[in-house]
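# A look at the structure
Residues per chain, in single letters:
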Amino acid sequence: FFRDINNILTFVFRLWFYLSPGFYTIDRIPEAFRFLMWCNPLTIFFESYRNVFMYNTSPHYLGLGIWFIISVMMCFIGIKRLYKFDKNYTK
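Let me sum up the structure you'll find in this document. No experiment lies behind these values; they were computed from the predicted model shown. (Residues numbered from 1 in each chain as written. Predicted model: local features only at pLDDT ≥ 70, side-chain atom pairs only at ≥ 80, totals over all residues. Heavy atoms only, no water.)

## Concerning the overall build of the chain
Counting its secondary structure elements, the chain contains four helices and zero strands. Listing the helices and strands of the chain from first to last along the sequence gives α-α-α-α. Computed over C-alpha atoms, the radius of gyration of the chain comes to 17 Å, more than 25% over the 12 Å expected from 2.2 N^0.38 for 91 residues, which places it beyond the range of a compact globule. The dimensions of the chain, computed from C-alpha atoms along their principal axes, are 50 × 30 × 25 Å. When each of the 91 residues of the chain is scored for burial, the buried share is 16%. (Helix = DSSP H or I, 4+ residues; strand = E, 2+ residues; numbered from the N terminus. Rg over C-alpha atoms; globule rule 2.2 N^0.38 Å. Buried < 20%, exposed > 50% of the residue type's maximum accessible area, 1.4 Å probe, protein only.)

Structural data, given as structure tokens:
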């Protein structure tokens, strides 16, 4: 079971990385599909780093702030669930 999850997660994360605009700019994506790329959290990071290092402009503060709030909420939910089911799994 754990080996299968490892293989699936390896494939999913590799696919996620290649679909993120690290090797290409978001301008190369057709306009109809560009909104899907902005749902990817790595898009914000890649575009922000590209803005800072290549174009000498400021990063996407709004997008980074939104993903920061989402990640903090997910951490709190995860910790709460971990403490709730702490006695149900083997350590």
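## As for the packing of helix H3 (residues 41-53) against helix H4 (residues 61-84)
The interhelical angle for the contact between H3 and H4, taken along N-to-C directions, is 140 degrees, at an axis separation of 10 Å. As far as their axial angle goes, H4 and H3 are oblique. When the axes of H3 and H4 are compared, the crossing they make is left-handed. Contacts between H3 and H4 involve Pro41, Ile44, Phe45 and Ser48 from the former and Gly63, Leu64 and Trp67 from the latter. Grouping the constituent residues of the contact of H3 with H4 by class yields five nonpolar, two polar and no charged. (Axes fitted to C-alpha atoms, helices over the stretch in contact; angles between N-to-C directions. Parallel < 35°, antiparallel > 145°, perpendicular 65-115°, else oblique. Left-handed = near helix turned anticlockwise from the far one by under 90°. Contact = heavy atoms within 4.5 Å. Nonpolar A, V, L, I, M, F, W, Y, C, P; charged D, E, K, R; others polar.)

## Details of the pattern of salt bridges
As enumerated under the stated definition, the model contains two salt bridges in all. Residue Arg34 is joined to Glu31 by a salt bridge in which the shortest nitrogen-to-oxygen separation is 3.2 Å. Its salt-bridge partner being Arg50, residue Glu47 comes within 2.8 Å of it at the nearest N-O pair. You can see Glu47 and its partner Arg50 sitting in helix H3, three residues apart, about one turn around the helix. (Salt bridge = Lys/Arg side-chain N within 4 Å of Asp/Glu carboxyl O.)

## Regarding unusual backbone geometry
Of note in this structure, Asn56 is not a glycine but carries a positive phi near 55 degrees. Among the secondary structure elements, Asn56 is positioned in the loop between H3 and H4. Looking at Asn56, the relative accessible area reads 71%, which means it is exposed.

## Remarks on the side chain of Ser48
On the secondary structure map, Ser48 appears in helix H3. In this structure the side chain of Ser48 is engaged in a polar contact, spanning 3.2 Å, whose partner is the backbone nitrogen of His60. Look past the residues within four positions of Ser48 in its chain and what remains in contact with it is Pro59, His60 and Leu64. (Polar contact = N/O pair within 3.5 Å; in protein donor to acceptor, adjacent residues only side chain to side chain.)

## Quick notes on the packing of aromatic side chains
One pass over the structure, following the stated rule, counts six aromatic pairs. Members of the aromatic cluster, each reached through a chain of ring pairs, are Phe17, Tyr18, Phe23 and Phe46. (Phe/Tyr/Trp six-rings, centres within 6.5 Å; stacked < 30°, edge-to-face > 60°.)

## Notes on a nonpolar patch on the surface
Judged by side-chain polarity, Phe2, Ile5, Ile8, Leu9, Phe11, Val12, Phe13, Leu15, Trp16 and Leu19 come together as a nonpolar surface patch covering roughly 1000 Å² of accessible area. By secondary structure assignment, the location of Phe11 is in helix H1 (residues 2-19). Note on Phe11: relative accessible area 56%, which makes it exposed. (Patch = residues over 30% accessible without salt bridge, like charges linked within 9 Å, V, L, I, M, F, W, Y side chains within 5 Å. Areas by Shrake-Rupley, 256 points an atom, 1.4 Å probe, with all protein chains shown as cover.)

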